[in-house]
Amino acid sequence: MKNSLAIILLALFYSACSEKTVEIEPIYKTAFSSSIRGLYLLNDSMYWASGSKGVVGFFNDRRLVKSSNNKHWEDLDFRDIHAFNEKEAIVMSSGDGCEIYKTKDGQESRDLVYENKDEGIFFDGMDFWDDQNGIAFSDPIDGQLFIITTNNAGDSWKKIEPLNMPKMLKGEAGFAASGTGITCVGDSTVYIGTGGGKTSRVFISHDRGMNWSAVNTNMMSGESSGIYSMVFIDRKNGIAVGGNYLDSLNTKGNCVITSDGGLTWYLPKTAPSGYRSCVANNGNGVLISTGRNGIDISYDKGNNWEHVSNDAYYSCVLIGNRGWLVGRNGKMAKIIIT
């Protein structure tokens, strides 16, 4: 009898623990009217955001603390941003040509730290291993990914010539949907997701970009299809999302998972609800992904996904059980997992 009672109580306990809810709180009066894709969370309430028309802002919960305004930046689309603290941040433009700016004083000033107007340059994303060392990539030039790195917190950048870089497939490139098609793991590993070719691949370097290998995945492939965003929970477990942004409801091959550090990738048991432009994790196996037809959540490292909202956003970030989403026309929302 005692054993039976213990089993019942244990079952009730796990049932109660498994009842999770997701709250999404839109911000109806937003600070920007442009599309926001760059997003970096410092803690559960303070974050940086960037987007089209050259906008960059630092927020504390729903309050815009500081934004920048310069006519020169109005033609720039800042698809990615990386922040070091409340005062220092790096912002990267995507499109034909690239400009990277850094502020050290909370946007009282912003310095141009990298510029490239060469034909074919189109930067897709950047990431950092630590507060000094970072990496960014562009669509291919002469059949290879174009890679730049920094070792001084983004004060300067230089192109590197990898010793071993696989050739790109016909039509293969990255996607700048949220600046998260590249992710740094540990102190020297970096992953880049691609699409557009006959196979969607993951490029891997374990020495900060000097040597690369490319791994095939069963992510959807072809024109406008592929890997749009990647995140790693730890050194072994990673998740990539994407699909076809022209076919937002297609779930076939819109998410792939690795449990061996990117050597092999497999499909989840239950996929996100459509094309997804960004995925984020809280470090404990809980993930959110967002795209044109809504938001999905996974509680088991991406193996099963649950659709929780039809609201569309471009980018998402998550720390613990709190996060933020940003999208078209300055759209912003807070996400709370309880």
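Scroll up a little and you will see the structure.
My aim in this report is to walk through the structure given alongside it, one point at a time. (Residues numbered from 1 in each chain as written. Predicted model: local features only at pLDDT ≥ 70, side-chain atom pairs only at ≥ 80, totals over all residues. Heavy atoms only, no water.)

## Looking at unusual backbone geometry
Thought 1: Notably, Lys301 is not glycine yet its phi reads approximately 60 degrees, a positive angle.
Thought 2: Here the phi dihedral of Asn329 falls at roughly 55 degrees; this positive angle occurs in a residue that is not glycine.
Thought 3: Mapped onto the elements of the fold, Asn329 is located in the loop between β26 (322-326) and β27 (332-337). (Helix = DSSP H or I, 4+ residues; strand = E, 2+ residues; numbered from the N terminus.)

## So, the sheet that holds strand β16 (residues 201-205)
Thought 1: Strand order in this open sheet of 4 strands is β14-β15-β16-β17, and the pairing throughout is antiparallel. Each edge of the open sheet is held by one strand with a lone partner, namely β14 (182-185) and β17 (213-216). Neighbour-to-neighbour, the strand axes of this sheet turn through a mean angle of 20 degrees, independent of strand direction. (Pairing = 2+ DSSP bridges. Axes fitted to C-alpha atoms, helices over the stretch in contact; angles between N-to-C directions.)

## Some thoughts on the sheet that holds strand β18 (residues 225-232)
Thought 1: Taking strand neighbours across the sheet as the criterion, the 3 strands line up as β18-β19-β20 in an open arrangement whose pairing is antiparallel. The open sheet is flanked by β18 and β20 (255-258), the only strands paired with a single partner. The mean inter-strand angle of the sheet, taken between neighbouring strand axes irrespective of direction, is 20 degrees.

## Notes on the pattern of salt bridges
Thought 1: Following the criterion strictly, the structure yields 13 salt bridges and no others.
Thought 2: Among the ionic pairs, Asp155 bridges to Lys104, the shortest N-O distance being 3.4 Å. With Asp155 in the loop between β12 (144-150) and β13 (158-159) and Lys104 in the loop between β8 (98-103) and β9 (111-116), this pair connects stretches of sequence that are 51 residues apart.
Thought 3: Connected through salt bridges with shared partners, the residues Glu25, Asp61, Arg62 and Lys334 form a single ionic network. (Salt bridge = Lys/Arg side-chain N within 4 Å of Asp/Glu carboxyl O.)

## Section: the packing of aromatic side chains
The description of an aromatic ring pair rests on the distance of the ring centres and on the angle between the ring planes.
Thought 1: Summed over the entire model, instances satisfying the criterion amount to 15 aromatic pairs.
Thought 2: Between Tyr114 and Phe123, the ring centres sit 5.9 Å apart and the planes meet at 65 degrees, which makes this aromatic pair edge-to-face. A single burial state applies to Tyr114 and to Phe123, both of which are buried.
Thought 3: Between Phe128 and Trp157 the ring centres are 6.0 Å apart and the planes differ by 80 degrees, which places this aromatic pair in the edge-to-face class. Here Phe128 is found in strand β10 (residues 123-128), whereas its partner Trp157 is found in the loop between β12 and β13, with 29 residues between them in sequence. Summarising the burial analysis for this pair, Phe128 and Trp157 share the class buried.
Thought 4: Each member of the aromatic cluster is reached from another via a ring pair, and the members are Phe32, Tyr47, Phe59 and Trp324.
Thought 5: The residue whose ring lies beneath Arg208 is Trp129, and the NZ or CZ to ring-centre distance is 5.3 Å. (Phe/Tyr/Trp six-rings, centres within 6.5 Å; stacked < 30°, edge-to-face > 60°. Buried < 20%, exposed > 50% of the residue type's maximum accessible area, 1.4 Å probe, protein only. Lys NZ or Arg CZ within 6 Å of the ring centre and 35° of its normal.)

Treat this as a map of the structure, not an account of what it does.
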